[in-house]
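Chains, contacts and geometry: an overview
The lines below spell out each chain.
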Amino acid sequence: MRKERFGELNARVTGGEDGNGAGDGPVVVLLHGFGAPGEDLVDLGRMFRVSAKVRYVFPEAPLSLASIGYGAGRAWWMLDLEGMERRARGERVDHSEDQPASLPQVRAQLDKLLSEVQTRLSVTPDKLIVGGFSQGAMLALDWALHSDKKPAGLILLSGTLIARSEWQPRMSSCRGLPILQSHGRSDTVLSYDDATRLRELLLEAGTNLTFLDFPGGHEIPPQVLDAASRFIVTHAG
């Protein structure tokens, strides 16, 4: 693994011919969730059952959460912590119309990172998979909805619907785009019901959606790893 800076974001690069991103294989960019450290998803690069040529980029979110007790945790944007606690207690909290104030800025940072990844790792969009877990999944989808250059596919792990009034009119821009969406039926962090609302919007828009639910919570279980592995092989080689 090596650390590199793409645009305004730090990232870990793994996989490929030397374990540090060398070669000409496909590239998978995965964004971690709220409160996780920048290296949170790095181990996935060793867990996917794909060609050793596949390279991975794991960006680090720009916002440090150390001042609010999250240690090395980071975030793409600040969440409603009270709402998180209410959801953890089983209360219904609807965030489908939330419009994070810093979302346009962090989207632009991700767009710049992806542009530089394509240039510096010599990868074309048809060999690029973008995705993430939880808040990272939301950002990955938000970027895809706003970008004119679609990737080979999206991997949305335990994300949810936000910014509905902005997202829904843009959904048709992803018609035909391969998307893997997974969610635990017992997720107390981001509800399964809200995930299905996002699923219906993606299906209505004509995306090539594979939806995988599982009997668990806010996590990435083995069956999701298997599905993601198949997705990467199928859509990026």
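The structure this text deals with has already been given above.
Nothing here was measured: the structure is a model prediction, and the numbers come from that model.

Another aspect to go through is the overall build of the protein chain. Within the protein chain one finds seven helices and eleven strands. Taken over C-alpha atoms, the radius of gyration comes to 16 Å for the protein chain, in line with the 18 Å a tight globule of 237 residues would show. In terms of its C-alpha atoms, the protein chain occupies a principal-axis envelope of roughly 50 × 40 × 30 Å. Across the 237 residues of the protein chain, 53% fall into the buried class. Contacts spanning at least 24 positions in sequence make up 72% of the contacts within the protein chain whose residues lie at least 6 apart. Of the accessible surface of the protein chain, which amounts to about 10100 Å², a share of 48% is contributed by carbon and sulfur atoms. For the protein chain, the centre of its 26 positive side-chain charges and the centre of its 30 negative side-chain charges are spaced 4 Å apart.

Here we come to the nonpolar core. Residues Val 57 and Trp 167 are the most contacted members of the largest nonpolar core, which totals 45 residues. Among the secondary structure elements, those contributing two or more residues to this core are strand E2 (9-16), strand E4 (27-31), helix H3 (103-120), strand E8 (128-133), helix H4 (135-146), strand E9 (153-157) and helix H6 (192-204). No other element matches H4, which puts eight residues into this core. When residues no more than four places from it in sequence are discounted, the contact partners of Val 57 are Phe 6, Ala 11, Arg 12, Val 13, Val 27, Val 28, Val 29, Leu 30, Val 117 and Leu 121. By size, the runner-up hydrophobic cluster in this structure holds 23 residues, among which are Tyr 56, Phe 133, Leu 180 and Ala 236.

For the rest of this paragraph, the subject is unusual backbone geometry. Notably, Ser 158 is not glycine yet its phi reads approximately 55°, a positive angle. By secondary structure assignment, the location of Ser 158 is in the loop between E9 and helix H5 (164-167). Ser 158 gets classed as buried once you look at its relative accessible area, which sits at 0%.

Below, the discussion takes up the pattern of salt bridges. The full count for this structure, using the stated rule, is 14 salt bridges. Between Glu 166 and Arg 107 there is a salt bridge, with its nearest N and O atoms 3.5 Å apart. Of this pair, Glu 166 sits in helix H5 while Arg 107 is found in helix H3, placing the two residues 59 residues apart along the sequence. The class of Glu 166 is partly exposed, set by a relative accessible area of 24%. Each member of the salt-bridge network shares a partner with another, and the members are Arg 2, Glu 4, Glu 116 and Arg 120.

Conventions we followed
Residues numbered from 1 in each chain as written. Predicted model: local features only at pLDDT ≥ 70, side-chain atom pairs only at ≥ 80, totals over all residues. Heavy atoms only, no water. Helix = DSSP H or I, 4+ residues; strand = E, 2+ residues; numbered from the N terminus. Rg over C-alpha atoms; globule rule 2.2 N^0.38 Å. Buried < 20%, exposed > 50% of the residue type's maximum accessible area, 1.4 Å probe, protein only. Contact = heavy atoms within 4.5 Å. Areas by Shrake-Rupley, 256 points an atom, 1.4 Å probe, with all protein chains shown as cover. Lys, Arg positive; Asp, Glu negative; His and termini not counted. Charge placed at Lys NZ, Arg CZ, Asp CG, Glu CD. Core = buried A, V, L, I, M, F, W, Y, C linked by side-chain atoms within 4.5 Å. Salt bridge = Lys/Arg side-chain N within 4 Å of Asp/Glu carboxyl O.

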